Amino acid sequence: MSAFADESSNWWPLTGEFTAEATYVGEGDVERGPRKAVRNFDEIDSDIHLVLTPRTKFGVLRLGTEWERFSFGLPQNAALPNTLQSFSAIFGLDMQFSDSILVRVETQPGLYNSGLGHLFWDDFNMPFVIGGTYIYSPDLQLVLGVSVDVERKYPVVPAAGVRWKIGPKWLLDAVLPKPRLQYELTRDVTVYAGATVRAATFRVDDEFGVSHGIPRLNHAVLTYSEIRTGAGFDWKISPMITLTGEVGYQPYREFDFYRAEVRYHHDGGAPYGTVALHGAF
Amino acid sequence: MKPKMVSLHFRALKNVLFVPLLSLAATMARGDAVSELASFSVFDKVDLAQLAKSDVKTAHGPPMRNSRFLAVQSCYVAPGSPAQQIEALRRWNPTRHSELKVFQHTDLPSNPTPANFEKLKSAPGNASVRSLVAATQKLSPQLQISKDEAKKFSAGAAGAGGAIPAPVAAFWAEVLAARTRAFSSGGMAAEPPYDHSGPSVRASEEVNGLLREQEKIRRQFSALLGATGIGRGAGSLRPELYWELLDADDQGVVTLGASYNRGGSEGTYQAADVLYYASGGYYVALTLYQLWPVTVEGKPSTLVWRGDMISSASLGSLRGVERLGSESVMMKNITKAVTLFRRDSGGR
């Protein structure tokens, strides 16, 4: 028995979910050919999102907002942006099509750029996802989805995953963007090993190319991707708040100005640490 | 799942009706049944002929404000009369189907002693039962017992007994027997709270909360519920009592249940089955049945509405899509249970 009996009563009329997450990645390297490397730069990622999830006749609405920022400690001559960030709204709907099929449609219209110095209409983007979950049994669910971003090099990216409760304490949650193998240590503490896959497109400012010696990068679209692999824990501090700590290694990262054909490939990974507070109310 | 059989009170007049009048009555009953179903349930449009040919139809109940509550409704058509369906429900034994994860089911007298729970000693040695044993031996905060009950546990000699060691079985036999006697004498209102750790939770308040949030259903069943011990003191109807050992979210759970049923006008029946005590997993679970006699393709049949509602601490933490998923799983489990029942009772 828990304290839910009192804490989950109707003192707050809205339901929702939130995340506040910060990650520090140590010094890594990328290169664009053998002579154009950017070395020993670190990274701080911040992500805050808040989504209200009111129940309606049609399903569970998802209405919220997200701020995400990648901040890189780059050397002065690097033709890469120091900051990539997005401010977006979240509009989505989770629907129950039958006792076996759940479907999510969600879009995040907002500004995806390298800072708020100069805002342009084409900083606006509206990526969206459509995904379905097939509930085969309480212990096994299959997930299929597609992510659409017209600014991305590959605008449509399909994905599949599985959520399998292997045993009373083991859960394989192999679903992007955070596939994990989890072990429930206690009722309130879960440990896990897994990965985080991040990929988003941003538009750099209109003088970025000139100021970095590659004029064709002015106002260019950049797809930034990274993968982290690590292990961590989720500690349920209260019914509404979970603290997550994670450490690991970032084995892959890429900056791709694909329309301008300028691409910085991963060349050297780095350790990272993440702290997050998340939960639902 | 074992509503008690109540004698039918056929009026003599029915025996002298002519066949054409019977057909007319059946057609009217059919229309009445569907419109009554629509009046209190989520099934506002039901085609009986189609439903008779299909599997059970399941839908989530109306959204409830209390996050611990969840409700699912289902309906189906079964062959035979409501009285026959009630009898089939009475006789049905869920332990015959391992996928339902009910390991033991035993009927109880109204004044049981610990000896009525002897079967606990022969519980299967699976992971669920082991989790119940482990939780009991350390008096885990997740155990839903009262402070007074917790004081009665004595670990005793380790290793004695089968899958459930003798001291653990003896503890539960004592708790379950006392709680059954309390229910017999004073209904759910007489049950001790779950206050072994954390705030006090009363199963009677939980079940009343579930009904309060589903006003149409509460009204539909108010006469029946008023005669039972569900959410109140002992009622005038005599319950059929039972206990079960089952799995809830991979935990072994011992639970106490009571079933009631009552015949209504025109051969209809109502039944209620409450799990008024659980050692974990859920605070309370209530299943209500409304059964109407209908004629489908010239054959006497029964339109069955079933409402399953549950209050559980773990549901309280679910939001958004997780909650939808939980409802889907509950719907699947109910579909599975109804399908197996219909198969066993010759319904499909």
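The structure reproduced in this document is the subject of the present report. Everything numeric in this text was worked out from a predicted model, so none of it was measured. (Residues numbered from 1 in each chain as written. Chains lettered and ligands numbered in written order. Predicted model: local features only at pLDDT ≥ 70, side-chain atom pairs only at ≥ 80, totals over all residues.)

1. Some remarks on helix α3 (residues 82-91) of chain B
Residue and element names in this part refer to chain B.
Next up, step 1: Of the positions making up α3, those classed as buried are Pro82, Ala83, Gln85, Ile86 and Leu89. The arc that holds the buried residues of α3, viewed along the axis, is 160°, so those residues lie on one side.
Next up, step 2: Those residues of α3 hidden inside the fold are in contact with β2 (69-79), β5 (251-263), β6 (269-278), β7 (284-296) and β8 (299-311). (Buried ≥ 20, exposed ≤ 12 C-beta atoms within 10 Å, placed from the backbone. Helix = DSSP H or I, 4+ residues; strand = E, 2+ residues; numbered from the N terminus. Arc of directions from axis to C-beta. Contact = placed C-beta atoms within 7 Å.)

2. Observations regarding the sheet that holds strand β1 (residues 57-60) of chain B
Sheet strands pair via backbone hydrogen bonds, and the direction of the pair is either parallel or antiparallel.
All names here are of chain B.
Next up, step 1: Pairing is antiparallel across the open sheet formed by eight strands, whose spatial order is β1-β2-β8-β7-β6-β5-β4-β3. Of all strands in the sheet, those with a lone pairing partner are β1 and β3 (102-108), marking the two edges. Across this sheet, the average inter-strand angle for adjacent strands is 20°, counted without regard to direction.
Next up, step 2: Here β1 runs beside β2; their pairing, made up of four bridges, is antiparallel. By the bridge assignment for β2, histidine 60 is matched with valine 72.
Next up, step 3: This element, helix α7 (residues 203-212), spans β2, β6, β7 and β8 of the sheet and lies at about 40° to β7. (Pairing = 2+ DSSP bridges. Axes fitted to C-alpha atoms, helices over the stretch in contact; angles between N-to-C directions.)

3. Details of the interface of chain B and chain A
Next up, step 1: If you look at the interface, chain B gives 33 residues, while chain A gives 26 residues.
Next up, step 2: At ten residues, the largest contribution of residues to the side of chain B that touches chain A is made by helix α10 (residues 320-344) of chain B.
Next up, step 3: Broken down by class, the residue content of the side of chain B that touches chain A amounts to eleven nonpolar, 16 polar and six charged. (Nonpolar A, V, L, I, M, F, W, Y, C, P; charged D, E, K, R; others polar.)

4. What to know about α10(B)
Next up, step 1: In a regular helix each residue adds 1.5 Å, so 25 residues correspond to 36 Å; α10(B) covers 36 Å between its end C-alpha atoms and thus fits that length.
Next up, step 2: Residue B:Gly346 follows α10(B) closely and has a positive phi angle near 75°. (Expected span 1.5 Å × (residues − 1).)

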